[in-house]
Amino acid sequence: MLQGKKILLGVTGGIAAYKAVDITSRLRKAGAEVRVVMTRAATNFVTELTFREMSGNPVSVDMWAPVQHWNVAHIALAEWADLVLVAPATANVLAKAALGIADDMLTTTLLATTSPIFFAPAMNCNMYANPAVRENIDKLATRGAHMIAPGTGTLACGAEGLGRLAEPANIVAALENFFAEGAQLFGVKVLVTAAGTIEPIDPVRYIGNRSSGRMGYALAEEAIARGADVVLVSGPSSLTPPVGLKRFVSVETAKEMRNAVLREAENSRIIIKAAAVADYHPKTVSEQKIKKNDEELSIVLEKNPDILKELGEKKRAGQILVGFAAETQKLLEFARAKIQKKNLDFIVANDVTKPGAGFNTATNLAKIISRDGSIEELPLMTKRELAKRIFDFVLPDELK
Ligand code: CTP
């Protein structure tokens, strides 16, 4: 997929800059032509010479370097690139790009290019979670930039969390995916929700459920593999968001999930709601930790918004809405009723009492039911395999 592709690699000043050397090597091995632009800060981590040797091309850092050709360097680079990849992308470069600041070779090139831009953020987990960074990432993604989500792990600063540069192999895979010729869902936005929501009782306790997020994450992976622009809205989960997501939105409560989903839903072609949304939340959340003074404790619960129902009411022409139904009895009857009640196109129904089906397992035993009544009854299979079968079944002919 990368044979002959011209990739402009922007390297910014984070400790993960050394991994960009591996990315350069992998891109070249895959047949791409690579040119590297470094920020001044990046040169503190890796020398220009390293990237010059690895890319086989001169490296740009300064806007004011002696002229080599009679063209304007940043414009020439911007036009040359089939794709621009910024890896690692620091919080600083994301902020500059979001604001359109152009004060060095890389940011000027980012502003001047009309080619697709991929950012692979890497930073400390608190920085990555900071609302300023989240907003900048959202802003860039809304404008069409592709985000290669970081992974979780031990960071250079010793902290544990989300912020580690995605693995070089996965970054290259994300670009390969992008160029995958005839990718079935290229340019199609797919919204997936995953995991359970948690509803606070007091500062230390919550009501939750057993959903691990595996089904939703597998669906997101499958949609990425088919070339879609995938947004994953997830409740708390121990899983690492798949590489190649357009956006990862982490939420806790049903209300937060609703807000995130409604924001993303409008321009989504396919929406799959695999999340186990809590149907109720405690009516009042105690500000202080509840002490065990009484023999009995009652918590009054209040209904949560039904996100899927709301999506069904707002569904626009051509949008495909897929729900999940976890049942313990009358599987088909209840699942069909949900199709009607929530105005769905499909529902994936599983009897969670069956071995290997349902929550917190690697496998699932499901039936996919369409609005017109057809049923795909599937044997026990991994959630990843089921994700594939779900897409095979729900995609309309024009996307097949
Ligand atoms: N769902 C939702 N918002 C809720 C509850 C559920 O979007 N507040 C979605 C789930 O993501 C799932 C589907 O609705 O795709 C089915 O959820 P389920 O809890 O099984 O159905 P309910 O409508 O809540 O009905 P019941 O609990 O009575 O079975």
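Coordinates for the structure precede this section.
Here is a short report on the structure shown in this document.

About the cut-offs
Residues numbered from 1 in each chain as written. Predicted model: local features only at pLDDT ≥ 70, side-chain atom pairs only at ≥ 80, totals over all residues. Heavy atoms only, no water. Axes fitted to C-alpha atoms, helices over the stretch in contact; angles between N-to-C directions. Helix = DSSP H or I, 4+ residues; strand = E, 2+ residues; numbered from the N terminus. Parallel < 35°, antiparallel > 145°, perpendicular 65-115°, else oblique. Left-handed = near helix turned anticlockwise from the far one by under 90°. Contact = heavy atoms within 4.5 Å. Nonpolar A, V, L, I, M, F, W, Y, C, P; charged D, E, K, R; others polar. Core = buried A, V, L, I, M, F, W, Y, C linked by side-chain atoms within 4.5 Å. Buried < 20%, exposed > 50% of the residue type's maximum accessible area, 1.4 Å probe, protein only. Pairing = 2+ DSSP bridges. Near = heavy atom within 4 Å. Polar contact = N/O pair within 3.5 Å; in protein donor to acceptor, adjacent residues only side chain to side chain. Salt bridge = Lys/Arg side-chain N within 4 Å of Asp/Glu carboxyl O.

Here we come to the packing of helix H9 (residues 214-225) against helix H13 (residues 383-394). The description of two packed helices rests on the angle between their axes and on the distance between the axes. Interaxial distance between H9 and H13 falls to 8 Å at its minimum, and their mutual angle equals 55 degrees. In terms of orientation, H9 and H13 fall into the oblique class. The handedness of the crossing between H9 and H13 comes out as right-handed. Seen from H9, the contacting residues are Arg 214, Met 215, Ala 218, Leu 219, Glu 221, Glu 222, Ala 223 and Ala 225; seen from H13, they are Lys 383, Arg 384, Leu 386, Ala 387, Lys 388, Ile 390 and Phe 391. Looking at the contact of H9 with H13 residue by residue, the classes come out as nine nonpolar, no polar and six charged.

Counting 36 residues, the largest nonpolar core has Val 190, Leu 219 and Ile 390 as its most contacted members. Looking at this core, the elements that each hand over two or more residues are strand E8 (189-194), H9, strand E11 (229-234), strand E13 (270-273), strand E16 (320-327), strand E17 (346-351) and H13. If one sorts the elements of this core by residue count, H9 sits on top with seven residues. Residues contacting Leu 219, with those up to four places away along its chain left out, are Val 192, Ile 272, Ala 274, Phe 324, Ala 387, Ile 390 and Phe 391.

Pairing is mixed in the open sheet, where eight strands are placed in the order E12-E11-E8-E13-E16-E17-E19-E20. Across the chains shown, the open sheet's two edge strands, defined by having one partner strand only, are strand E12 (247-250) and strand E20 (375-377). If you compare each strand with its neighbour and ignore which way they point, the axes differ by 15 degrees on average. By the bridge criterion, six bridges tie E16 to E17 in an arrangement that is parallel. Opposite Gly 323, over in E17, you have Ile 347 as the bridge partner.

On to the pairing of strand E2 (residues 33-38), then. As paired strands, strand E1 (residues 6-11) and E2 are joined by six bridges and run parallel to one another. The residue bridging Leu 9 from the neighbouring strand is Val 36, located in E2.

A word on the site of the ligand. Around the ligand lies a shell of 14 residues, among which Lys 273, Ala 275, Phe 324, Lys 338 and Lys 342 are the nearest. Asp 306 places a side-chain nitrogen or oxygen 3.5 Å from a nitrogen atom of the ligand. Here an oxygen atom of the ligand sits 2.9 Å away from a polar atom, N or O, in the main chain of Phe 324. Among the elements of the structure, helix H11 (307-314), E16 and helix H12 (331-341) are those that each provide at least two residues to the shell around the ligand. No other element matches the three residues that E16 contributes to the shell around the ligand.

Following the criterion strictly, the structure yields 22 salt bridges and no others. Glu 264 is the partner of Arg 247 in a salt bridge, and the nearest nitrogen-oxygen pair spans 2.9 Å. Taken together, the residues Arg 247 in strand E12 and Glu 264 in helix H10 (residues 254-265) connect sequence positions 17 residues apart. On the basis of relative accessibility, which here comes to 8%, the residue Arg 247 falls in the buried class. You can call Glu 264 buried: its relative accessible area is 6%. Between Glu 310 and Arg 258 there is a salt bridge, and its shortest N-O distance comes to 2.7 Å. Taken together, the residues span a long stretch of sequence, with Glu 310 in helix H11 and Arg 258 in helix H10 at a distance of 52 residues. For Glu 310, a relative accessible area of 15% translates into the label buried. We classify Arg 258 as partly exposed; its relative accessible area is 23%.

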